[in-house]
Amino acid sequence: PTSTVTVPTCTPEFGGDPYPCTQAEYERSQQTKARYAEAERVFREFNRLSSVELVQRVPEPSPELRALTGGREAANLSEARTVALNSASFSGELPVVWVKPIAHHSGEPGNLAMLACADYSRWLVTSKDGAPAPTGRHVDRIEFDDASGRTLIVATSPEDGVSCE
């Protein structure tokens, strides 16, 4: 009988076709996948908690929500909540359609980045000044930092020119 050698297969970090790789490359690839999976979990939980707290008009972000943030995101959390509650009321849900890895930009906070598409069609924002509410789907860039061993959201910003489809 002849033995069959199995070669590990790696997937490019930002999408593409799988390719044969060394065992060391495969292990690094799996570690990278695990980092992104944890970042996605953190973002989805952040989005869920933030939406629930806005609907319930919770004046201060909960300790659970705060525990998911760091850096400027953590520093701005209370002020952003106050501004949001003073300017509008919220109802419905804000589902995340997808989250996908994107290259982290040098000079940006953190060490890991993802794009996230949210569907605003079931998220009702009633602005006190009558301003139009967001509709449709929107993409945000989420910066994460996991250098401490905990994955934290450190910045969010709209990502123009990227479709949610």
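These numbers come from a predicted model, not from an experiment.

Cut-offs and rules
- Residues numbered from 1 in each chain as written.
- Predicted model: local features only at pLDDT ≥ 70, side-chain atom pairs only at ≥ 80, totals over all residues.
- Heavy atoms only, no water.
- Helix = DSSP H or I, 4+ residues; strand = E, 2+ residues; numbered from the N terminus.
- Contact = heavy atoms within 4.5 Å.
- Lys, Arg positive; Asp, Glu negative; His and termini not counted.
- Charge placed at Lys NZ, Arg CZ, Asp CG, Glu CD.
- Disulfide = S-S within 2.5 Å.
- Buried < 20%, exposed > 50% of the residue type's maximum accessible area, 1.4 Å probe, protein only.
- Salt bridge = Lys/Arg side-chain N within 4 Å of Asp/Glu carboxyl O.

**Section: the overall build of the protein**
Phase 1 of the analysis: Within the protein, the regular secondary structure consists of 3 helices and 8 strands.
Phase 2 of the analysis: Starting at the N terminus and walking to the C terminus, you meet the elements of the protein as β-β-α-α-α-β-β-β-β-β-β.
Phase 3 of the analysis: In terms of overall dimensions, the protein has a C-alpha envelope of 75 × 35 × 30 Å along the principal axes.
Phase 4 of the analysis: The long-range fraction of contacts in the protein, counting pairs at least 24 apart against all pairs at least 6 apart in sequence, stands at 56%.
Phase 5 of the analysis: Between the mean site of the 16 positive side-chain charges and the mean site of the 23 negative ones, the protein shows a separation of 3 Å.

**What to know about the state of the cysteines**
Phase 1 of the analysis: Counted by the stated rule, this structure contains 2 disulfides.
Phase 2 of the analysis: Paired by a disulfide, C10 and C21 hold their sulfur atoms 2.0 Å apart. Disulfide C10-C21: torsion about the S-S bond near 80°, hence right-handed. Remark: C21 occurs in the loop between β2 (19–20) and α1 (23–55) and C10 occurs in strand β1 (residues 9–10); sequence separation between them is 11 residues.
Phase 3 of the analysis: Judged by relative accessible area, which is 7%, C21 ranks as buried.

**What about the pattern of salt bridges?**
Phase 1 of the analysis: Tallying each qualifying case throughout the model produces 9 salt bridges.
Phase 2 of the analysis: Salt-bridge contacts for D146 lead to R35; the nearest nitrogen and oxygen are separated by 2.7 Å. Taken as a pair, D146 in the loop between β7 (137–145) and β8 (152–158) and R35 in helix α1 lie far apart in primary sequence, 111 residues in all.
Phase 3 of the analysis: Across the salt bridge formed by E45 and R48, the nearest N and O atoms sit 2.8 Å from each other. In this pair, E45 and R48 both sit in helix α1, 3 residues apart, roughly one turn of the helix.
Phase 4 of the analysis: For E45, a relative accessible area of 25% translates into the label partly exposed.

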